Amino acid sequence: MTERTLKTSTPAPQVGAGNALWGGRFEAGPGAIMEEINASIDVDKRLATQDISGSLAHVAMLAATGIVTEDDAARISEGLHTIAGEIEAGTFPFSRALEDIHMNIEARLKDLIGEPAGRLHTARSRNDQVATDFKLWVRDALDGLDAELGDLQRAFVEVAERHAATIMPGFTHLQSAQPVTFGHHCLAYVEMIARDRGRIRDARHRMNESPLGAAALAGTAFPIDREMTASALGFEGPMHNSLDAVSSRDFALEALAAAAIAATHLSRFAEEVVIWCSAPFGFVKLSDQFTTGSSIMPQKKNPDAAELVRAKVGRIVGALNTLLIVMKGVPLAYSKDMQEDKPPLFDALPALSLCVRASAGMVRDLTVNEDAMRALASKGHTTATDLADWLVRTLGLPFREAHHITGAAVLAADRKGKEIAELTLAELQEVDGRITEDALTVLTVDRSVASRTSLGGTAPERVREEAARWRAVLWADA
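If you're wondering where the values come from, they're calculated on a predicted model, not measured in any experiment. (Residues numbered from 1 in each chain as written. Predicted model: local features only at pLDDT ≥ 70, side-chain atom pairs only at ≥ 80, totals over all residues. Heavy atoms only, no water.)

(A) Quick look at the overall build of the chain. Looking only at helices and strands, one finds 18 helices and 4 strands in the chain. Taken against the 2.2 N^0.38 rule, which gives 23 Å for 478 residues, the C-alpha radius of gyration of the chain at 31 Å runs more than 25% over that of a compact globule. In terms of its C-alpha atoms, the chain occupies a principal-axis envelope of roughly 100 × 55 × 40 Å. Burial analysis of the chain (478 residues in total) assigns 50% to the buried set. Long-range pairs, those at least 24 residues apart, make up 75% of the contacts in the chain with a sequence separation of at least 6. (Helix = DSSP H or I, 4+ residues; strand = E, 2+ residues; numbered from the N terminus. Rg over C-alpha atoms; globule rule 2.2 N^0.38 Å. Buried < 20%, exposed > 50% of the residue type's maximum accessible area, 1.4 Å probe, protein only. Contact = heavy atoms within 4.5 Å.)

Here's what the structure looks like:
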């Protein structure tokens, strides 16, 4: 069933006292403000697919255990499938007076099949029903994000393979530090995203227990089979404490925490794209597909896709904070506060999905200016560490002494308006007479990059090996 944006009807007149599905205890209906603050249908109607799935599993179990008759179960199931078709077609009559998706579906089921509809809610409560529906939705969203993040990894690997030997400056403090390769830089994000996917998969595993059958908070006296419903809904098993089952939302918090970390990684990449696209750098270009123009400056081509990815992390981190604050003071078991658990997830996880897909698009869209990258990598004395390493390796000096000598060489180069790699042997020997001509060979950016052959290093051969390793993992995973 696909999600649709559906209009809800205006509140229908109350039948009897309060909501017709729970109003027996009440002598009068709720006030207009109470009805307004209490209704959640505008938000939780996106749980319709999950609610119907949960109800189908529940009624099948009720029939299997003899709690309802096979005939009633068949009529209920048929009615639920009819409702699913109406929602798919956009003809379902949503009503805010019925508060939420669960009551809307139950009321419509009664319209369709009459008295047997009332048997569906046997041995369950809205408390375990909504917890189950919400878990199913979050689980589906995490599965989608995992797949999309895998595609983003593949996009980075593809670029890394093409640019395993493309020289660029590596930065610390956004100052030129040492030369690296663009392929190596791309593989850094592959590693980050792998951890993001690990967190998502961990969260999915921990949440994959069924609350259904916990009822309101204490379980039920009916002889239900919770293993049956858990299996039918793809859970690994039922939750083992009814209070915990209906009141815990740590699964949603963990999903948001994983989402917030992933969004932060995407934001860092987006920031780099913005910098790389700027005229002072000119490292990359984005096509018209991922840029926009200015209403007043006709020359502008703005990396707005990257800027929007960078901005949306605020919404996602904010969603995590929102739910943490909602849950921090809620006593066991269920309280109406928890109705506010869904808006943060419904906003944050689709926003992250969009950011992941936009990032993958930008990675594949990048045109790399190798000359600009190499030119900047050759500035800022980026091979100074290579001279220090040569002094240690060839002359046997302690690194701190080598560091001091190299610093003096950098100072000498600055005074002459040169890069350290441009100093002559005579100029280097003015700093330290023990330096030989062999030292000049280590000061090129190509030699510097090629020498970094340690595991995880930036040498092109290491980059190609890592890209091949990730290709074997990620393409098999796909």
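(B) Here's a closer look at helix H18 (residues 460-477). Taking 1.5 Å of rise per residue, the 18 residues of H18 would be expected to cover 26 Å, and the 25 Å separating its terminal C-alpha atoms lies within 8% of that figure. Three or more residues of H18 are buried, namely Pro460, Arg462, Val463, Ala467, Trp470 and Leu474. In this structure, the buried side of H18 is in contact with helix H6 (126-162), strand S2 (175-181), helix H7 (182-207) and helix H17 (445-451). (Expected span 1.5 Å × (residues − 1).)

(C) Inspection of the pairing of S2 at higher detail. As paired elements, strand S1 (residues 167-172) and S2 share 6 bridges and run antiparallel to each other. Looking across to S2, one finds that isoleucine 167 is bridged to threonine 181. Between S1 and S2, which pair antiparallel in sequence order, lie 2 residues; one of them, histidine 173, sits at a positive phi of approximately 60 degrees. (Pairing = 2+ DSSP bridges.)

(D) View of empty space enclosed by the protein. What the rule picks out here adds up to 1 cavity of 30 Å³ or more. Its boundaries defined by the atoms lining it, the largest cavity holds a volume of some 40 Å³. In terms of lining residues, the largest cavity is bounded by Asp51, Ser55, His102, Ile105, Glu106, Leu120, Arg124 and Gln129. Contributions of two or more residues to the lining of the largest cavity are made by helix H3 (48-64) and helix H5 (101-113). By residue number, the principal contributor to the lining of the largest cavity is H5, which donates 3 residues. The class makeup of the residues in the lining of the largest cavity is 2 nonpolar, 3 polar and 3 charged. (1 Å grid on protein atoms, 1.4 Å probe; cavity = no way out; pocket = protein on both sides within 12 Å on 5 of 7 lines; lining within 4 Å. Points joined across faces, edges and corners; volume = space filled by probe spheres on them. Nonpolar A, V, L, I, M, F, W, Y, C, P; charged D, E, K, R; others polar.)

(E) Just the side chain of asparagine 104, in detail. Tracing the backbone through its elements, the reader meets asparagine 104 in helix H5. A residue is classified by how much of its surface remains accessible, and asparagine 104, at 2% relative accessible area, is buried. Those residues within four positions of asparagine 104 in sequence are excluded, and the remaining contacts are Ile41, Phe92, Pro93, Phe94, Ser95, Leu98 and Glu99.

(F) Highlighting the environment of arginine 471. Note on placement: arginine 471 falls in helix H18. You can call arginine 471 partly exposed: its relative accessible area is 32%. As a C-alpha pair, arginine 471 and valine 157 span 314 residues in sequence and 7.0 Å in three-dimensional space. Setting aside chain neighbours within four positions, we find arginine 471 in contact with Val157, Glu158, Glu161 and Ala476.

(G) Here's a closer look at the environment of histidine 403. By secondary structure assignment, the location of histidine 403 is in helix H15 (residues 399-416). Residues histidine 403 and aspartate 389, spaced 14 residues apart in sequence, show a C-alpha to C-alpha distance of 8.6 Å.

(H) Spatial organisation of the packing of H3 against H5. Closest axis-to-axis distance for the H3/H5 pair is 10 Å, and the angle between their directions is 60 degrees. Here H3 is positioned oblique relative to H5, judged by the angle of their axes. In this structure, H3 meets H5 at a crossing whose hand is right-handed. The residues of H5 that touch H3, namely those facing Ala48, Asp51 and Ile52, are Ile101, His102 and Ile105. Split by residue class, the contact of H3 with H5 holds 4 nonpolar, 1 polar and 1 charged. (Axes fitted to C-alpha atoms, helices over the stretch in contact; angles between N-to-C directions. Parallel < 35°, antiparallel > 145°, perpendicular 65-115°, else oblique. Left-handed = near helix turned anticlockwise from the far one by under 90°.)

(I) Region of interest: the packing of aromatic side chains. If you walk through the whole model with that rule in mind, you get 10 aromatic pairs. Residues phenylalanine 182 and tryptophan 276 carry aromatic rings whose centres are separated by 5.6 Å and whose planes lie at 75 degrees to one another, so their mutual orientation is edge-to-face. One end of the pair, phenylalanine 182, is in helix H7; the other, tryptophan 276, is in helix H10 (residues 250-277), and 94 residues separate them in sequence. Exposure remark for phenylalanine 182: the relative accessible area of 1% places this residue in the buried category. Taking relative accessible area as the criterion, tryptophan 276 reaches 4% and is therefore assigned buried. Here the aromatic residues Phe134, Trp137, Phe251 and Phe346 are joined through ring pairs into a cluster of three or more. Its end group placed over the ring of tryptophan 475, arginine 471 keeps NZ or CZ at 4.0 Å from the ring centre. (Phe/Tyr/Trp six-rings, centres within 6.5 Å; stacked < 30°, edge-to-face > 60°. Lys NZ or Arg CZ within 6 Å of the ring centre and 35° of its normal.)

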